Amino acid sequence: MPLAAVALAVILGGGIVVSPQAQDASPRTLPPAAIDWKTLSRVYNPGVAAKSRATRGLRARNDQVDNTTLPILLPDASTGVSRDGLAFTSLGDVYDINLPQPVKGLTVLLSGTRVFVASQPGMFRGVKFDQVNMGGQPVEVLFSETEDGWTASFSRFGMAYGIEVICDEADAMNYCKDSTYIRKIASGMTEIVLGAQAEREFTAATGGNTTQPPRPTDTVKVPVNRDVLTQRQTANNPVKPNSSVKP
Amino acid sequence: MSRNNGSGGGGAVIAVIILILALGLLYQCQGAKYGLPVIPMGAGASSSSAAPPVSGESEVSGTASVDASVESSVAPGGFTYLPATDLLPWSWSSSTVPLPWAATSNNDPGYKANVNVDNWSPAMCFPIEGKAYANSQVYRPGGEGFATPEALASKAQYDAWYNKAYSNPKQSGWLAAYNNLRGTSCDPSNYQYPWRDNFCEKRSGENALCHSAKGHQGQDIRPETCQKSVHWAVAAEDSVVKDVGSYTLTLRAVNPPYRIYRYLHMDPDFIAHWQPLEGTTTMVKAGRRLGQVGDFGPGGTSYTTVHLHFEIRLSVAEQVNGTLRPLNTFVPPYNALVTSYERKLAGNGCAVLPW
Ligand SMILES: [Zn+2]
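So, a few notes on the structure that sits alongside this text. (Residues numbered from 1 in each chain as written. Chains lettered and ligands numbered in written order. Predicted model: local features only at pLDDT ≥ 70, side-chain atom pairs only at ≥ 80, totals over all residues. Heavy atoms only, no water.)

1. So, the overall build of chain B
Here is step 1: Of regular secondary structure, chain B possesses 6 helices and 10 strands.
Here is step 2: Across the 355 residues in chain B, those meeting the buried criterion constitute 60%.
Here is step 3: Considering only contacts in chain B between residues 6 or more positions apart, those separated by 24 or more positions represent 69%.
Here is step 4: Summed over its atoms, the accessible surface of chain B is roughly 12,400 Å², and 58% of this surface lies on carbon and sulfur atoms. (Helix = DSSP H or I, 4+ residues; strand = E, 2+ residues; numbered from the N terminus. Buried < 20%, exposed > 50% of the residue type's maximum accessible area, 1.4 Å probe, protein only. Contact = heavy atoms within 4.5 Å. Areas by Shrake-Rupley, 256 points an atom, 1.4 Å probe, with all protein chains shown as cover.)

2. Focus: the overall build of chain A
Here is step 1: Regarding its fold elements, chain A presents 6 helices and 10 strands.
Here is step 2: Burial statistics for chain A: of 247 residues in total, 55% are counted as buried.
Here is step 3: Sequence-distant contacts in chain A: of pairs separated by 6 or more residues, those separated by 24 or more amount to 63%.
Here is step 4: About 10,700 Å² of surface is accessible on chain A, with carbon and sulfur atoms providing 53% of the total.

3. So, the nonpolar core
Here is step 1: Core analysis: the largest hydrophobic core is formed by 59 residues, its most contacted members being B:Trp195, B:Leu249, B:Leu251, B:Tyr261, B:Tyr263, B:Leu290 and B:Phe310.
Here is step 2: Once residues within four sequence positions are removed from consideration, B:Tyr261 is found in contact with B:Ser121, B:Met124, B:Ala236, B:Glu237, B:Leu249, B:Thr250, B:Leu251, B:Ala253, B:Phe310, B:Glu311 and B:Ile312. (Core = buried A, V, L, I, M, F, W, Y, C linked by side-chain atoms within 4.5 Å.)

4. A word on the sheet that holds strand 2 (residues 87–90) of chain A
All names here are of chain A.
Here is step 1: Taken in spatial order, the 7 strands of this open sheet run 2-3-4-9-8-7-6, and their pairing is antiparallel. Two strands lie at the open edges of the sheet, namely strand 2 and strand 6 (130–134), each paired on one side alone. When strand polarity is set aside, the average angle formed by the axes of neighbouring strands in this sheet is 25 degrees.
Here is step 2: As defined by bridge partners, strand 4 (residues 106–113) adjoins strand 9 (residues 159–167) across 8 bridges and the pair is classed as antiparallel. Paired with Leu 110 across the two strands is Ile 163, which belongs to strand 9. (Pairing = 2+ DSSP bridges. Axes fitted to C-alpha atoms, helices over the stretch in contact; angles between N-to-C directions.)

5. Structural notes on the state of the cysteines
Residues and elements named next belong to chain B.
Here is step 1: In this structure the tally under the stated criterion is 4 disulfides over all chains.
Here is step 2: One disulfide in the model links Cys 186 with Cys 226; its S-S distance is 2.0 Å. Residues Cys 186 and Cys 226 are joined by a disulfide whose S-S torsion is about 100 degrees; by sign, that bridge is right-handed. One end of the pair, Cys 186, is in the loop between helix 4 (174–182) and strand 2 (219–223); the other, Cys 226, is in the loop between strand 2 and strand 3 (232–234), and 40 residues separate them in sequence.
Here is step 3: Residue class for Cys 186 comes out partly exposed when judged on its relative accessible area of 38%.
Here is step 4: At a sulfur-sulfur separation of 2.1 Å, the disulfide partner of Cys 200 is Cys 210. (Disulfide = S-S within 2.5 Å.)

6. Brief notes about unusual backbone geometry
Here is step 1: Cis geometry is adopted by the peptide bond preceding B:Pro194, which originates at B:Tyr193 and carries an omega value of 5 degrees.
Here is step 2: Tracing the backbone through its elements, the reader meets B:Pro194 in the loop between helix 4 and strand 2.
Here is step 3: The residue after B:Pro256, namely B:Pro257, is reached through a cis peptide bond having omega 5 degrees.
Here is step 4: Relative to the elements of secondary structure, B:Pro257 occurs in the loop between strand 5 (248–253) and strand 6 (260–264).
Here is step 5: The phi dihedral of A:Phe157 is positive, around 55 degrees, even though this residue is not glycine.
Here is step 6: With respect to the helices and strands, the residue A:Phe157 is situated in the loop between strand 8 (149–156) and strand 9.

7. What about the packing of aromatic side chains?
Here is step 1: Summed over all chains, the structure comprises 25 aromatic pairs over all chains.
Here is step 2: Measuring from ring centre to ring centre gives 6.5 Å for A:Tyr95 and A:Tyr161, while their planes differ by 55 degrees; the resulting arrangement is tilted. Of this pair, A:Tyr95 sits in strand 3 (residues 94–100) while A:Tyr161 is found in strand 9, placing the two residues 66 residues apart along the sequence.
Here is step 3: Pairwise contacts between aromatic rings join B:Phe79, B:Tyr81, B:Phe126, B:Tyr133, B:Tyr191, B:Tyr193, B:Trp195 and B:Tyr341 into one cluster.
Here is step 4: In this structure, A:Arg183 packs its charged tip against the face of A:Phe143, placed 4.3 Å from the ring centre.
Here is step 5: The ring centre of B:Tyr191 lies 5.8 Å from the NZ or CZ of B:Arg222, which sits over that ring. (Phe/Tyr/Trp six-rings, centres within 6.5 Å; stacked < 30°, edge-to-face > 60°. Lys NZ or Arg CZ within 6 Å of the ring centre and 35° of its normal.)

8. Description of helix 5 (residues 180–187) of chain A
Residue and element names in this part refer to chain A.
Here is step 1: For helix 5, the full list of buried residues reads Tyr 181, Ile 182, Ile 185 and Ala 186. Seen along its axis, helix 5 keeps its buried residues to an arc of 135 degrees; they face one direction.
Here is step 2: Those residues of helix 5 that are buried lie in contact with strand 4, strand 6, strand 7 (137–145), strand 8 and strand 9. (Arc of directions from axis to C-beta.)

Following this line, the structure appears as structure tokens:
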């Protein structure tokens, strides 16, 4: 665009036509980030390790945990988060944990990833982090209220971790009326589980002389279900399903 | 904006300038009514014809500097859209409904959208079957931030309808007063192009990418009609089902960068079927029907206009003192929606997999 035309458009207070091609510009996905095993070994003291032995109740599949390449963070007992309905899904460099709570409509979701997209310079200049004491470690956390709850985002050991609280039934609303509940969870994210692959990396990076990270033992082996609807007769009906299935 | 102005061409520039001048005239005509900023849209808007996008939108800003608001292209099906980050005037300001007799200003940076216009999911499937209309649910007819021209005709009229509309719903006439005041979400003008970005529209929730660090965290999209539980939402990418709520479905894409997609206001009867079987992981293919778009909120009750609130979340990292600092954030879905919709209209969209 000629400079004079740009100037004229600006003087007139108008905008500039967006060229459709420009919308294909896409942020770059970075290779899986390096894990800061040194820091992990420093904070992974016997106290934390002892706590994380409690994670043996992790109802996750061995293969999913073992294939996860980054440290898995869990809320400790101080948070009061129930693990009774825990569901764990791993894609290797990213994992998701779904923790439905005994209160109807209250769900806690956890995630971790080592795959990031490169930001534009200054993209997060408006971000206001809160300092959270996470098992004695000061960690910068970004809390955001969402349409149906709260999210918390923070980084540890070079990885990105997320907590999400969803309140979508009347009984659960108190847990999302402010950030108290998610802040409590954030400060209790002190249990660390390493799957087999992560443990190998951890041992190699730290010389194997640090506290032995425990692994979940009584895990459950279950199959991956490709598409749950194919296994459910009602779902193959193209008309609106019977309202009796309403949660 | 700087990265997008490279290929406009001289003819386009002249066309833009003419349009801008026309807009200026339009502003002067309508703005003169109250000597103040006019309501952002809807004055007499109707579906009678496929009006030119800009004039059909009554695109009039309260200041001399009209925002960039020229549609960039006309695609198959007459699809047009306004540029990313060009939000409806008032929808991002810290004022409330743009009452013509209130001393409010549209110069307020308020919730102004961020300057990030990247395509954050360049290959995704468009998440709704059929035609769709991406636009504000709050600041258009039927929304809390909208007032009909009739309601704004006089302050006495507005107050009368307001008081009635927000009285006890059991009182007779409240609904008629509400409709007079806010219009209806089924207004044909809500089901017309051009599309308009509403990421960062005024909301109480935090959004790191908005000017004020608060704002709408996704894009609202109306399906082809205002009927709920008729139009299908489909998976944007090959994904695992991450969570099923009472009106929400959350997917995690299985390929890097492992985007999270959220679908809100879904018909609970459908999404309930995605509740994972104990101890299993449920996967869906891109284009898979997920359920039908509705107006649902907490507890699966009617809650909002019939639309899909569509979110993309990602882990984005910036360099801080030589090391990467990652952050999970909402990213603007608008450009990804535009390009996926264009592919669909051109016959290159994703194959829809049946329910
Ligand atoms: Zn929305």
